[in-house]
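# Structural overview
Next come the chains, spelled out residue by residue.
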Amino acid sequence: MTVIAFLGLGQMGLPMASNLVKQGYALRVFDVNPQAVSQMVGQGAVAAQTPAQAAEGADIVITMLPNGDIVRDVLLGASGVCEGISPDALVIDMSTIHPLQTDALIQELSVKGISMMDAPVGRTSDNAINGTLLILAGGTPEQVERARPVLLCMGSELVEAGGPGMGIRVKLINNYMSIALNALSAEAAVLCESLGLDLNVAIKVMSGTAAGKGHFTTTWPGKVLKGDLSPAFMVDLALKDLRIAIDVAHQKAAPLHMGEAAEAYYQCASEHGRGRQDWSALLSQVRQLAGRPDAL
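Note that this is a predicted model, so its numbers are computed, not measured.

Calculation criteria
- Residues numbered from 1 in each chain as written.
- Predicted model: local features only at pLDDT ≥ 70, side-chain atom pairs only at ≥ 80, totals over all residues.
- Heavy atoms only, no water.
- Helix = DSSP H or I, 4+ residues; strand = E, 2+ residues; numbered from the N terminus.
- Buried < 20%, exposed > 50% of the residue type's maximum accessible area, 1.4 Å probe, protein only.
- Contact = heavy atoms within 4.5 Å.
- Areas by Shrake-Rupley, 256 points an atom, 1.4 Å probe, with all protein chains shown as cover.
- Lys, Arg positive; Asp, Glu negative; His and termini not counted.
- Charge placed at Lys NZ, Arg CZ, Asp CG, Glu CD.
- Salt bridge = Lys/Arg side-chain N within 4 Å of Asp/Glu carboxyl O.
- Domains from an automatic or database assignment.
- UniProt positions renumbered as here; feature names shortened; annotations may be inferred.
- Phe/Tyr/Trp six-rings, centres within 6.5 Å; stacked < 30°, edge-to-face > 60°.
- Polar contact = N/O pair within 3.5 Å; in protein donor to acceptor, adjacent residues only side chain to side chain.

## Focus: the overall build of the protein chain
A count of helices and strands for the protein chain gives 14 helices and 9 strands. The C-alpha extent of the protein chain, read off along each of the three principal axes, is 65 × 40 × 30 Å. By residue count, 42% of the 296 residues in the protein chain fall in the buried class. Across the protein chain, the fraction of contacts at a sequence separation of at least 24, relative to all contacts at a separation of at least 6, is 63%. Taken as a whole, the protein chain presents about 15000 Å² of accessible surface, with 57% of it coming from carbon and sulfur. With 20 positive and 28 negative side-chain charges, the protein chain shows a separation of 7 Å between the mean positions of the two kinds.

Structure (C-alpha cells):
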C-alpha cells in the first residue's frame, strides 16, 4: 500500500488529506493545529510529531502550507522531512509560493538525492472538499505519472504544466490575471453606476465580448498569436476610446487607475509606430518593453 505523508491541514489541506484517506491511502499527517490532526486521526490517519517522523517510510510526501518559508522549514529545517525521508520517495509541494523559492527547494533537495515536483491547485475550498480541484502539475513526465493517481484523488482535472517549477508559474499567472481583472471589473462597474447605466445591462453585453471573455480566447488567437497585426481594431482607436472613458470617469469622480495604467501601454505602442496595428499588438509592445524577442 502506498504510504503518504501529508503536511499542512489548513482550509485546503484538510479536505485534500481527507479525500486521500477516503480513497484508501495510508496517511501520516502533521500540522501545528492539534484539532486538525485529531480530525484526520478520527478518519484513520496516523499523527506524526514532526515532519521527519511523518516522512519516515512514506512513498510520497505532500506539503500544503501557507508560504515558502514554512515549506522550506518543514522540508529542510530541524526535524524536517529531509531528516526522515527515504531516497526513493517523491516530494510534492502543493502550496502556492514564490516560484523562485520552488526552484531553490527543488535544487537543494536534488543535491540531497531527493526528488521533488510542484502541483499547486486551482479552484476553491468547496472543490477541495468535493475532490474537484484543478491540479497544475510541474514535474518530469516520470514524476507526474507517479503522482497522477494520488493527485486525482484530490482533483478532477490535471494539467501537465511542464517541468519541475512550472506548476507554480502557471498558478501565479492565473492568479495575477484574475486578481488584476477583479480591480478592472470593479472600476468598470462603478463607471456604469456613475453614468446611470444598469449594471445588469453591462454584464449582459460584456459577457459576450472580449471584455468578459478575455483576450487569450477571443482576440489574440486570430491575430497576434498567429503573427497577424492587420487591424481589426487599431491601437490608436483603442487609445481614443480609452481616453474618452478616462475623461468621463474624471468628470464623474470615478476612479480609473487600471484604465490609466492601460493608457500608458497604448500610448507607448502608438509612439513606437504601432498605432495602425491591431490592438492585440500590445503583446508585442510589452515584449519589447521587457527586452524579450517578439514572435512576429
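## Re the pattern of salt bridges
Applying the stated criterion across every chain, the model contains 9 salt bridges. Arg-169 is paired through a salt bridge with Asp-103; the nearest N and O atoms lie 2.7 Å apart. One end of the pair, Arg-169, is in helix α8 (residues 166-194); the other, Asp-103, is in helix α5 (residues 99-111), and 66 residues separate them in sequence. Judged by relative accessible area, which is 27%, Asp-103 ranks as partly exposed. A salt bridge links Asp-241 to Lys-240; the nearest nitrogen and oxygen atoms lie 2.9 Å apart. Judged by relative accessible area, Lys-240 falls into the partly exposed class, the value being 44%. Within this structure, Glu-145, Arg-148 and Glu-160 form a network of salt bridges that share partners.

## Focus on the domain arrangement of the protein chain
A common way to express how large an interface is: the accessible area buried when the components associate. For the protein chain, the domain assignment lists domain 1 (3-169) and domain 2 (208-290). Distance from the C-alpha centre of domain 1 to the C-alpha centre of domain 2: 41 Å.

## Details of the UniProt feature "domain: 6-phosphogluconate dehydrogenase NADP-binding" (unreviewed entry) in the protein chain
The sites that UniProt annotates as "domain: 6-phosphogluconate dehydrogenase NADP-binding" (unreviewed entry) are residues 4-159. Helix and strand shares over residues 4-159 are 40% and 23% respectively, and the end C-alpha atoms of the span are 22 Å apart.

## Considering helix α14 (residues 282-289)
Taken together, the buried positions of α14 are occupied by Leu-282, Leu-283, Ser-284 and Gln-285. Each element contacted by the buried residues of α14 is listed here: α11 (219-222) and α13 (257-274). Residue Gly-291 follows α14 closely and has a positive phi angle near 70 degrees.

## Looking at the side chain of Arg-274
Its location among the elements puts Arg-274 in helix α13. Buried charged residue Arg-274 carries no salt bridge. Nearest counter-charge: Asp-294, at 4.3 Å. Residues in contact with Arg-274, not counting those within four places in the same chain, are Leu-229, Val-235, Ala-269, Ala-281, Ser-284, Gln-285, Gln-288 and Asp-294.

## A few points about the packing of aromatic side chains
Counting across every chain of the model gives 2 aromatic pairs. Seen from their ring centres, Phe-216 and Trp-220 are 5.3 Å apart, and the 45 degrees between their planes marks the pair as tilted. Considering the side-chain rings of Phe-233 and Trp-279, the 5.0 Å spacing of their centres and the 75 degrees angle between planes classify their relative orientation as edge-to-face. Here the residue Phe-233 occupies a position in the loop between α11 and α12 (235-251), and Trp-279 occupies one in the loop between α13 and α14, the gap between them amounting to 46 residues.

## A closer look at the environment of Arg-148
Mapped onto the elements of the fold, Arg-148 is located in helix α7 (residues 141-151). In sequence terms Arg-148 and Ala-137 are 11 residues apart; their C-alpha atoms lie 8.8 Å from each other. If sequence neighbours within four positions are ignored, Arg-148 has contacts with Leu-158 and Glu-160. A polar contact of 2.7 Å, which involves the side chain of Arg-148, links it to the side chain of Glu-160.

## Remarks on unusual backbone geometry
Within the chain, Ser-79 stands out as a residue other than glycine whose phi angle is a positive 60 degrees. Within the fold, Ser-79 resides in the loop between α4 (68-76) and β5 (90-93). We classify Ser-79 as partly exposed; its relative accessible area is 30%.

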